[in-house]
Amino acid sequence: MGSTRSRSLGPANSFMAKLYFRYSAMNSGKTTSLIQTAFNYQERGMRVVIIKPAVDSKGGSRVVSRLGASRKADILLTPTDSVTEALAEQESISCVLVDEAQFITPAQIDELFWYATNQHVPVIAYGLRTDFQTVGFPGATRLLELAHDIQELKTICRCGKKATLNGRKVNGIFVFNGDQVAIDGEQNVEYESLCANCYQTFKAAV
Ligand SMILES: [Zn+2]
(Lines give C-alpha, C1' and ligand atoms only; values in the text may rest on other atoms or scores of the structure.)
Protein backbone atom coordinates (compact mmCIF):
# COMPACT_ATOMS: atom_id res chain seq x y z
CA MET A 1 0.00 0.00 0.00
CA GLY A 2 1.33 3.39 -0.90
CA SER A 3 1.07 6.56 1.06
CA THR A 4 -2.47 7.78 1.58
CA ARG A 5 -1.21 11.34 1.60
CA SER A 6 -2.45 13.28 -1.39
CA ARG A 7 0.22 13.93 -3.99
CA SER A 8 -1.76 16.84 -5.35
CA LEU A 9 -0.02 20.15 -4.87
CA GLY A 10 -2.99 22.21 -5.97
CA PRO A 11 -6.26 22.10 -7.87
CA ALA A 12 -6.67 19.20 -10.25
CA ASN A 13 -6.40 21.49 -13.25
CA SER A 14 -3.06 22.94 -12.16
CA PHE A 15 -1.11 20.27 -14.06
CA MET A 16 2.30 21.73 -14.78
CA ALA A 17 3.90 20.83 -18.08
CA LYS A 18 7.67 20.61 -18.09
CA LEU A 19 10.58 21.69 -20.22
CA TYR A 20 12.62 18.55 -20.83
CA PHE A 21 16.23 18.46 -22.00
CA ARG A 22 17.44 15.22 -23.54
CA TYR A 23 21.13 15.65 -24.23
CA SER A 24 23.96 13.49 -25.45
CA ALA A 25 27.06 13.39 -27.59
CA MET A 26 26.70 13.10 -31.37
CA ASN A 27 24.96 10.16 -32.95
CA SER A 28 23.10 8.75 -29.97
CA GLY A 29 19.75 8.69 -31.75
CA LYS A 30 18.29 12.00 -30.52
CA THR A 31 16.40 12.70 -33.74
CA THR A 32 15.23 9.08 -33.90
CA SER A 33 13.84 9.53 -30.39
CA LEU A 34 12.17 12.80 -31.41
CA ILE A 35 10.49 11.20 -34.44
CA GLN A 36 9.33 8.24 -32.31
CA THR A 37 7.86 10.61 -29.72
CA ALA A 38 6.04 12.53 -32.47
CA PHE A 39 4.63 9.25 -33.76
CA ASN A 40 3.46 8.21 -30.29
CA TYR A 41 1.51 11.45 -29.83
CA GLN A 42 -0.02 11.33 -33.28
CA GLU A 43 -1.04 7.71 -32.86
CA ARG A 44 -3.22 8.94 -30.01
CA GLY A 45 -4.71 11.68 -32.13
CA MET A 46 -2.63 14.45 -30.60
CA ARG A 47 -0.78 17.12 -32.52
CA VAL A 48 2.90 17.85 -32.05
CA VAL A 49 4.88 20.82 -33.30
CA ILE A 50 8.46 20.20 -34.38
CA ILE A 51 10.92 23.08 -34.17
CA LYS A 52 14.18 22.99 -36.08
CA PRO A 53 16.85 25.71 -35.89
CA ALA A 54 17.34 27.17 -39.37
CA VAL A 55 21.12 27.17 -38.89
CA ASP A 56 21.02 23.38 -39.10
CA SER A 57 20.89 23.23 -42.89
CA LYS A 58 21.23 19.45 -42.97
CA GLY A 59 18.03 17.95 -44.35
CA GLY A 60 16.55 21.32 -45.35
CA SER A 61 13.18 21.80 -43.66
CA ARG A 62 13.11 18.21 -42.42
CA VAL A 63 14.53 16.61 -39.31
CA VAL A 64 16.45 13.53 -40.38
CA SER A 65 17.55 10.58 -38.26
CA ARG A 66 20.54 8.44 -39.08
CA LEU A 67 18.24 5.42 -39.26
CA GLY A 68 16.57 7.01 -42.26
CA ALA A 69 13.34 8.30 -40.75
CA SER A 70 12.53 11.92 -41.36
CA ARG A 71 9.78 14.41 -40.59
CA LYS A 72 8.98 17.86 -41.85
CA ALA A 73 9.60 20.56 -39.25
CA ASP A 74 6.64 22.83 -38.49
CA ILE A 75 8.79 25.79 -37.47
CA LEU A 76 12.22 26.68 -38.86
CA LEU A 77 13.59 29.00 -36.22
CA THR A 78 16.12 31.76 -36.86
CA PRO A 79 17.96 33.37 -33.90
CA THR A 80 15.87 36.55 -34.12
CA ASP A 81 12.48 34.78 -34.21
CA SER A 82 10.12 34.85 -31.26
CA VAL A 83 9.30 31.26 -30.29
CA THR A 84 6.20 32.47 -28.48
CA GLU A 85 4.85 34.15 -31.62
CA ALA A 86 5.73 31.20 -33.82
CA LEU A 87 3.92 28.79 -31.48
CA ALA A 88 0.90 31.12 -31.22
CA GLU A 89 0.32 30.55 -34.94
CA GLN A 90 -0.01 26.79 -34.38
CA GLU A 91 -3.25 25.20 -33.19
CA SER A 92 -4.11 22.48 -30.67
CA ILE A 93 -0.58 21.64 -29.62
CA SER A 94 -0.16 18.64 -27.33
CA CYS A 95 3.64 18.65 -27.31
CA VAL A 96 6.51 20.75 -28.69
CA LEU A 97 9.61 18.89 -29.90
CA VAL A 98 12.88 20.70 -30.59
CA ASP A 99 15.64 19.15 -32.69
CA GLU A 100 19.29 20.31 -32.38
CA ALA A 101 18.26 22.46 -29.43
CA GLN A 102 21.84 23.56 -28.79
CA PHE A 103 21.42 25.97 -31.71
CA ILE A 104 18.44 27.77 -30.10
CA THR A 105 19.41 31.03 -28.39
CA PRO A 106 19.27 31.33 -24.59
CA ALA A 107 16.46 33.89 -24.94
CA GLN A 108 14.47 31.38 -27.02
CA ILE A 109 15.07 28.69 -24.38
CA ASP A 110 13.59 31.09 -21.83
CA GLU A 111 10.57 31.46 -24.10
CA LEU A 112 10.17 27.67 -24.29
CA PHE A 113 10.39 27.40 -20.51
CA TRP A 114 7.62 29.96 -20.00
CA TYR A 115 5.57 28.47 -22.83
CA ALA A 116 5.58 25.07 -21.09
CA THR A 117 4.81 26.69 -17.75
CA ASN A 118 2.00 28.97 -18.88
CA GLN A 119 0.43 27.02 -21.77
CA HIS A 120 0.61 23.65 -19.96
CA VAL A 121 2.21 22.05 -22.99
CA PRO A 122 5.30 19.86 -22.54
CA VAL A 123 8.38 20.93 -24.48
CA ILE A 124 11.02 18.28 -25.19
CA ALA A 125 14.35 19.64 -26.42
CA TYR A 126 16.96 17.28 -27.86
CA GLY A 127 20.51 18.47 -28.29
CA LEU A 128 24.20 18.39 -27.63
CA ARG A 129 25.58 19.61 -24.34
CA THR A 130 29.01 20.72 -25.54
CA ASP A 131 30.83 21.55 -28.76
CA PHE A 132 33.97 19.97 -30.27
CA GLN A 133 36.15 21.99 -27.84
CA THR A 134 34.19 20.72 -24.79
CA VAL A 135 32.54 24.14 -24.36
CA GLY A 136 28.81 24.42 -23.73
CA PHE A 137 26.60 25.70 -26.50
CA PRO A 138 24.81 28.78 -25.07
CA GLY A 139 21.37 27.26 -25.71
CA ALA A 140 22.36 23.94 -24.14
CA THR A 141 23.78 25.68 -21.09
CA ARG A 142 20.53 27.61 -20.67
CA LEU A 143 18.61 24.33 -20.96
CA LEU A 144 20.75 22.82 -18.21
CA GLU A 145 19.93 25.83 -16.06
CA LEU A 146 16.19 25.91 -16.73
CA ALA A 147 14.85 22.51 -17.73
CA HIS A 148 12.58 20.82 -15.19
CA ASP A 149 13.76 17.42 -16.30
CA ILE A 150 17.21 16.56 -17.67
CA GLN A 151 18.24 13.19 -19.02
CA GLU A 152 21.36 11.97 -20.78
CA LEU A 153 20.92 9.71 -23.80
CA LYS A 154 23.90 7.41 -23.94
CA THR A 155 26.17 6.50 -26.81
CA ILE A 156 29.52 4.77 -27.10
CA CYS A 157 33.02 5.68 -28.18
CA ARG A 158 34.98 3.69 -30.76
CA CYS A 159 36.82 2.04 -27.81
CA GLY A 160 33.57 0.83 -26.25
CA LYS A 161 33.47 3.27 -23.33
CA LYS A 162 30.62 5.70 -22.88
CA ALA A 163 31.12 8.76 -25.11
CA THR A 164 30.47 12.18 -23.61
CA LEU A 165 32.51 14.45 -25.91
CA ASN A 166 32.29 15.37 -29.59
CA GLY A 167 35.29 15.18 -31.89
CA ARG A 168 35.22 17.21 -35.12
CA LYS A 169 36.88 15.84 -38.21
CA VAL A 170 37.65 17.82 -41.35
CA ASN A 171 38.54 15.67 -44.34
CA GLY A 172 38.66 12.74 -41.95
CA ILE A 173 41.22 14.29 -39.58
CA PHE A 174 40.43 15.41 -36.03
CA VAL A 175 40.67 19.19 -35.53
CA PHE A 176 40.52 21.08 -32.24
CA ASN A 177 40.33 24.69 -33.43
CA GLY A 178 37.65 26.48 -35.43
CA ASP A 179 34.20 28.02 -35.18
CA GLN A 180 31.79 26.61 -32.61
CA VAL A 181 29.21 25.84 -35.27
CA ALA A 182 30.09 23.80 -38.37
CA ILE A 183 27.26 21.67 -39.69
CA ASP A 184 27.74 17.94 -39.97
CA GLY A 185 28.15 16.95 -43.62
CA GLU A 186 29.06 20.41 -44.90
CA GLN A 187 32.55 21.43 -46.06
CA ASN A 188 33.86 17.94 -45.31
CA VAL A 189 32.98 18.30 -41.62
CA GLU A 190 31.88 15.28 -39.64
CA TYR A 191 31.65 14.43 -35.96
CA GLU A 192 32.46 11.42 -33.85
CA SER A 193 31.36 10.94 -30.27
CA LEU A 194 34.34 10.12 -28.05
CA CYS A 195 35.15 9.23 -24.47
CA ALA A 196 37.46 11.63 -22.62
CA ASN A 197 40.46 9.30 -22.96
CA CYS A 198 40.19 8.99 -26.73
CA TYR A 199 39.48 12.72 -27.10
CA GLN A 200 42.66 13.48 -25.17
CA THR A 201 44.67 11.02 -27.23
CA PHE A 202 43.53 12.48 -30.55
CA LYS A 203 44.10 16.02 -29.30
CA ALA A 204 47.66 15.21 -28.17
CA ALA A 205 48.42 13.78 -31.62
CA VAL A 206 47.53 17.01 -33.47
ZN1 LIG B 1 37.20 5.98 -26.21
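Right above here is the structure, for reference.
Residues numbered from 1 in each chain as written. Predicted model: local features only at pLDDT ≥ 70, side-chain atom pairs only at ≥ 80, totals over all residues.

So, the overall build of the protein chain
Scanning the protein chain from terminus to terminus reveals five helices and eleven strands. The C-alpha atoms of the protein chain give 18 Å as radius of gyration, which agrees with the globular expectation for 206 residues (17 Å, within 12%). Each principal axis of the C-alpha distribution contributes one length, and for the protein chain these read about 60 × 45 × 30 Å. For the protein chain, contacts bridging at least 24 residues in sequence account for 75% of all contacts bridging at least 6. (Helix = DSSP H or I, 4+ residues; strand = E, 2+ residues; numbered from the N terminus. Rg over C-alpha atoms; globule rule 2.2 N^0.38 Å. Contact = placed C-beta atoms within 7 Å.)

Considerations on the pairing of strand S9 (residues 165–170)
When S9 meets strand S11 (residues 189–194), the two strands line up antiparallel, connected through six bridges. Within the sheet, the bridge partner assigned to glycine 167 lies in S11 and is glutamate 192. Pairing geometry for S9 and strand S10 (residues 173–175), over three bridges, is antiparallel. Bridge pairing links lysine 169 to phenylalanine 174 in S10. From the end of S9 to the start of S10, which pair antiparallel, there are two residues, and asparagine 171 there has a positive phi angle of about 55°. (Pairing = 2+ DSSP bridges.)

Some words on the nonpolar core
Counting 44 residues, the largest nonpolar core has Ile50, Val96, Leu97, Val98, Leu112, Val123 and Ala125 as the members making the most contacts within it. Mapped onto this core, the elements with two or more residues apiece are strand S1 (19–24), helix H1 (30–43), strand S2 (47–53), helix H2 (83–88), strand S6 (93–98), helix H3 (106–119), strand S7 (123–128) and helix H4 (138–146). If we ignore the near neighbours within four places in the chain, the residues touching valine 96 are Val49, Ile51, Leu87, Val121 and Val123. (Core = buried A, V, L, I, M, F, W, Y, C linked by C-beta atoms within 7 Å. Buried ≥ 20, exposed ≤ 12 C-beta atoms within 10 Å, placed from the backbone.)

Let's talk about the packing of H3 against H4
Contact pair H3 / H4: the axes reach a minimum separation of 8 Å and the direction vectors enclose 35°. The two elements H3 and H4 cross, and the hand of that crossing is right-handed. Of H4, the residues touching H3 (which contributes Pro106, Ile109 and Phe113) are Pro138, Gly139, Arg142, Leu143 and Leu146. Across the contact of H3 with H4, the residue classes tally to six nonpolar, one polar and one charged. (Axes fitted to C-alpha atoms, helices over the stretch in contact; angles between N-to-C directions. Left-handed = near helix turned anticlockwise from the far one by under 90°. Nonpolar A, V, L, I, M, F, W, Y, C, P; charged D, E, K, R; others polar.)

Focus: the sheet that holds S9
Pairing within the open sheet is antiparallel, and its three strands lie in the order S10-S9-S11. Strand pairing shows two members of the sheet lacking a second neighbour, S10 and S11, which therefore form its edges. In this sheet, neighbouring strand axes are inclined to one another by 45° on average, regardless of whether the strands run parallel or antiparallel. The strands touched by helix H5 (residues 196–204) within the sheet are S9, S10 and S11, with S9 carrying the most contacts at an inclination of about 35°.

Considering H1
For H1, which comprises 14 residues, the first-to-last C-alpha distance of 20 Å matches the rise-based estimate of 20 Å (1.5 Å per residue) to within 8%. Taken as a whole, H1 has its buried residues at Lys30, Thr31, Leu34, Ile35 and Ala38. Burial along H1 is one-sided: seen end-on, the buried residues are contained in an arc of 135°. Opposite the packed face of H1, turned more than 90 degrees from it, sit the exposed residues Gln36, Asn40 and Glu43. In this structure, the buried residues of H1 make contact with S1, S2, strand S3 (62–64), strand S4 (70–72), S6 and S7. Glycine 45 lies just past H1 and shows a positive phi near 80°. (Expected span 1.5 Å × (residues − 1). Arc of directions from axis to C-beta.)

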